[in-house]
Each structure stands twice: as structure tokens, then as C-alpha cells.
Amino acid sequence: MTLEELFKEFKKKKIVVLGDVMIDAYMWGSVKRVSPEAPVPIVNLTKQEDRLGGAANVALNLVSLGAEVTIASVVGDDKEATTLLELLEKDKILTTGVLQSKDRITTVKTRVLGNYQQLLRIDQEQTDDIHSADENRLLKNVEKLFQKGQDAIILQDYNKGVLTDSLIKKVIALAKQYNVIVTVDPKQKNFLSYEGVTLFKPNLKELAEGVQLSIDFSKNRDDFEKAVVKLKEIIKPEIIFVTLSEFGVFIENHKDSHYIPAHKRTISDVSGAGDTVISVATLCLTAGLDVKNVAEMANLAGGIVCEYRGVVAINADQLFDEANKKGLNVV
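Residues numbered from 1 in each chain as written. Predicted model: local features only at pLDDT ≥ 70, side-chain atom pairs only at ≥ 80, totals over all residues. Heavy atoms only, no water.

K.L.:
Teacher, can you tell me more about the packing of helix α2 (residues 55–64) against helix α8 (residues 273–286) here?
P.N.:
Pairs of packed helices are described in terms of their axes, by the angle between the two and the distance that separates them. Running from N to C, α2 and α8 point in directions that differ by 50°, and their axes come no closer than 9 Å. With respect to α8, the axis of α2 lies oblique. Seen along the crossing, α2 lies across α8 with a hand that is right-handed. Mapping the contact onto sequence places N57, V58, N61 and L62 in α2 and D275, T276, I278, S279 and L283 in α8. (Axes fitted to C-alpha atoms, helices over the stretch in contact; angles between N-to-C directions. Helix = DSSP H or I, 4+ residues; strand = E, 2+ residues; numbered from the N terminus. Parallel < 35°, antiparallel > 145°, perpendicular 65-115°, else oblique. Left-handed = near helix turned anticlockwise from the far one by under 90°. Contact = heavy atoms within 4.5 Å.)

In C-alpha cells:
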């Protein structure tokens, strides 16, 4: 398969992203004085913007690469949900899997920036598990999507309550029934709930905390590899894919394992890099690439987005050009 053929394959894929969606809100301004009421800066507000965050940023990455993407989640029945749905539709992300619930509030993370520095973040969120009634409705939505034909589902957890232990297990069972690839970007709360998924992608810190082992990758890979073995024994994924920050990535299936080094880059912001990595890895899997190629493409994409400030989605043309220049062979 050539790179051109691979990127054409991306445009044929249908992906569901299930997990915690949110709004990343930004308030920019200048600071020239301190408040007389308290020792805090006064921000003269000049600009405000709402962006898609959380699992919705994963969807943005997939759409940027040409895939058809549907979000499945539970949000509040509030004005913030209206804003979120409008943002999703504007970016051509399908919202048929999104439920609004009177028992929830929509997650909004507001960053206040003065003189180009973040001064404050305000989180409006609810982190308890969704109620069983909402869980059952969400599961029905996911099955309807599977019935229409999907290539993969990404379970994207931010510990905001959408991905409950029981929902995770039911979705994995459904995906097997409908022959849908399941990839996971986990968080600590339900880290060991994903038994039997296709690809499981923690970062190094999440892996260490998840299997309760101390890992100093820079000094000793043995501890890291023990943690990988322990994880395999517990959740039995087909593929383990660990992001290692400045050390690159590690990938392993039942046949092969590979360490892929990081590319040298000027790092501006690592925010959202994990979202890009799981998105590209999932699309490469659906296109039939082997594990080494999956890791190489996802590793390259994750590095690219780190060169930009803020959370950004991967640019398909830039990814293609860099993969081409580096001579990445896809098979």
C-alpha cells in the first residue's frame, strides 16, 4: 500500500468516538494593573473563543484525516450543550450518538489568559458516573450506529463519568458481535476494565499507575516491560501501544514488539498529542497496517501537533508530506 492509497483509505472509514466531550473555552486579554479588591491581576478582556475538547478533539483529528465520525456521549440539557452541539456540527462531526440529560451538566474548561500567559482555569464539570438509564440509552445509540456499519470505535476516557465500568464491558461485547475494532485511550479510574479490546493506548504514567508498578524508563526498561506483561495478563488486548513522551512509543502484539524513537522537534505544547495518536493509530488499523507502521504513523502525527500552541488537530497534508519525506513505508 502506498501513502497515497493509505490516505485515500482514511476517507472511506466510519468511526465512532465514545467518551467525555467538553468545551475548551478561552478568554484572552491584557493585564496592566492589579485589583484594589484583592492581590490579583485585572484582565481587560479582548477576545473569547469556544473550542471542542476531550473526546470531541479526537473526533476533530479523525475528520481532519477525512473519516466520517460520529460522537457518542452524554451532555447536559443546558445552553453549554447547545454550544457544543453547534461546534460539532460546524466541524462536520455527526451528533446522532449524543444524548442530553437533565441529570448532567456539560463540561466546560475555561482558561483566562493575560499578556499571553494563563492566569486561571475554571472547570465546570460533573465527574460522577452517568445514571443507569442514561447508560442504557447511550448503549442503544451505539448499537444503532454499529448496525449501520462502523469500522472502529474509540473509547476516550477523561474521568468525567460517561465511560462506566459496565458500559465499557457492554460496548466491547457489542463491538465483537458487529466485528468493530475497539481502541482505547484510558484514564486511571477504569484502567483495567477494557478486557479483550483491539488496541489499548496508555501513556507511561498511566501504565505505571494502572498496574501499580514503579517505572523509570530512562534508567531501566526491565520495569517497563514487566508492567507491559502484567497489563497483558489482566486485560488481554490484541495490541498494547504505550506513548513514552520524549522516548517515542512502544507497540506490541502477539507476534512483534517495537520501540519507535521520537522525532526531534521544537515542542511548543503537548496538549492534545494523545488525542492525535489514538486517532491516527485507529485509522491505520482500520486500513490494515501492521503494528510497526501503525506506531510509526501515530508517533509522527503526535510529534507534529506538539509544535503548535494549544490543542490542535493533525493536518492531513502535513502528515502526508512528513511521512513521505521520512520515507515511511506502509504495508
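K.L.:
Can you walk me through unusual backbone geometry in this structure?
P.N.:
For residues that are not glycine, phi is negative in most cases, and the peptide bond is trans in most cases. Here K92, not a glycine, exhibits a phi torsion of approximately 60°, which is positive. Mapped onto the secondary structure, K92 falls in the loop between α3 (79–90) and β5 (94–101). Even without a glycine there, the phi angle at Y116 is positive, about 70°. Mapping Y116 onto the fold places it in the loop between β6 (107–114) and β7 (117–124).

K.L.:
Any chance you could explain the packing of aromatic side chains here in plain terms?
P.N.:
Ring pairs (aromatic) are described by centroid distance and by the angle formed between their planes. Within the structure shown, the criterion is met by twelve aromatic pairs. Measuring from centroid to centroid gives 6.0 Å for F146 and Y178, while their planes differ by 50°, and the two rings are tilted. Of this pair, F146 sits in helix α4 (residues 132–147) while Y178 is found in the loop between α5 (165–177) and β9 (181–185), placing the two residues 32 residues apart along the sequence. Judged by its relative accessible area of 3%, F146 is buried. Here Y178 falls in the partly exposed class, since its relative accessible area comes to 26%. A ring pair is formed by F191 and F200, whose centres lie 5.1 Å apart and whose planes are at 80°; its orientation type is edge-to-face. The residues F191 and F200 share a single accessibility class, namely buried. Members of the aromatic cluster, joined through ring pairs, are F217, F224, F247, F250 and Y259. (Phe/Tyr/Trp six-rings, centres within 6.5 Å; stacked < 30°, edge-to-face > 60°. Buried < 20%, exposed > 50% of the residue type's maximum accessible area, 1.4 Å probe, protein only.)

K.L.:
Would you mind showing me how to read the packing of helix α9 (residues 291–305) against helix α10 (residues 316–325) here?
P.N.:
Two numbers describe how α9 lies on α10: the axes approach to 10 Å, and their chain directions differ by 120°. As summarised for this structure, α9 and α10 are arranged oblique, according to the angle between their axes. Where α9 crosses over α10, the two elements pack in a sense that is right-handed. Packed against α9, whose contacting residues are M297, L300, A301 and I304, the element α10 presents Q318, L319, E322 and A323 at the interface. Taken together, the residues that form the contact of α9 with α10 break down as six nonpolar, one polar and one charged. (Nonpolar A, V, L, I, M, F, W, Y, C, P; charged D, E, K, R; others polar.)

K.L.:
Would you mind going over the sheet that holds β6 with me for this structure?
P.N.:
Hydrogen bonds along the backbone pair up the strands of a sheet, which may run parallel or antiparallel. Judged by pairing direction, the sheet is mixed, and its four strands sit side by side in the order β3-β2-β6-β7 without closing on themselves. The strands lining the two open edges of the sheet, one partner per strand, are β3 (41–54) and β7. Taken pair by pair, the neighbouring strands of this sheet meet at an average axis angle of 20°, ignoring direction. Sheet topology note: the strand β2 (residues 21–34)/β3 ladder contains 13 bridges and is antiparallel. Within β3, the position partnered with I23 by the bridge is L52. On the sheet, α2 packs against β2 and β3 and is oriented at approximately 65° with respect to β3. (Pairing = 2+ DSSP bridges.)

K.L.:
Explain the side chain of R104 to me, please; I cannot follow it from the model alone.
P.N.:
Within the secondary structure, R104 sits in the loop between β5 and β6. Residue R104 is classed as buried on the basis of its relative accessible area, which comes to 7%. A polar atom in the side chain of R104 sits 2.8 Å from the backbone oxygen of D128. Those residues in contact with R104 that sit more than four places away from it in its chain are V74, V75, G76, D77, D78, Q126, D128, D129, I130, K160 and G161. (Polar contact = N/O pair within 3.5 Å; in protein donor to acceptor, adjacent residues only side chain to side chain.)

K.L.:
Help me understand the sheet that holds strand β1 (residues 14–19), please; the structure alone is not making it clear to me.
P.N.:
Across the sheet, which stays open at both edges, the nine strands sit in the order β5-β4-β1-β8-β9-β10-β11-β12-β13 with mixed pairing between neighbours. Every interior strand has two partners, whereas the edge strands, β5 and β13 (257–260), have only one. As judged from the two bridges shared by strand β10 (residues 199–200) and strand β11 (residues 239–243), these two strands associate in the parallel manner. If you follow F200 over to β11, its bridge partner there is I240. Packed onto the sheet, α8 meets β1, β8 (152–156), β9, β10 and β11 and runs at close to 165° relative to β9. Along the sheet face, α9 touches β11, β12 (249–252) and β13 and points at about 20° away from the line of β13.

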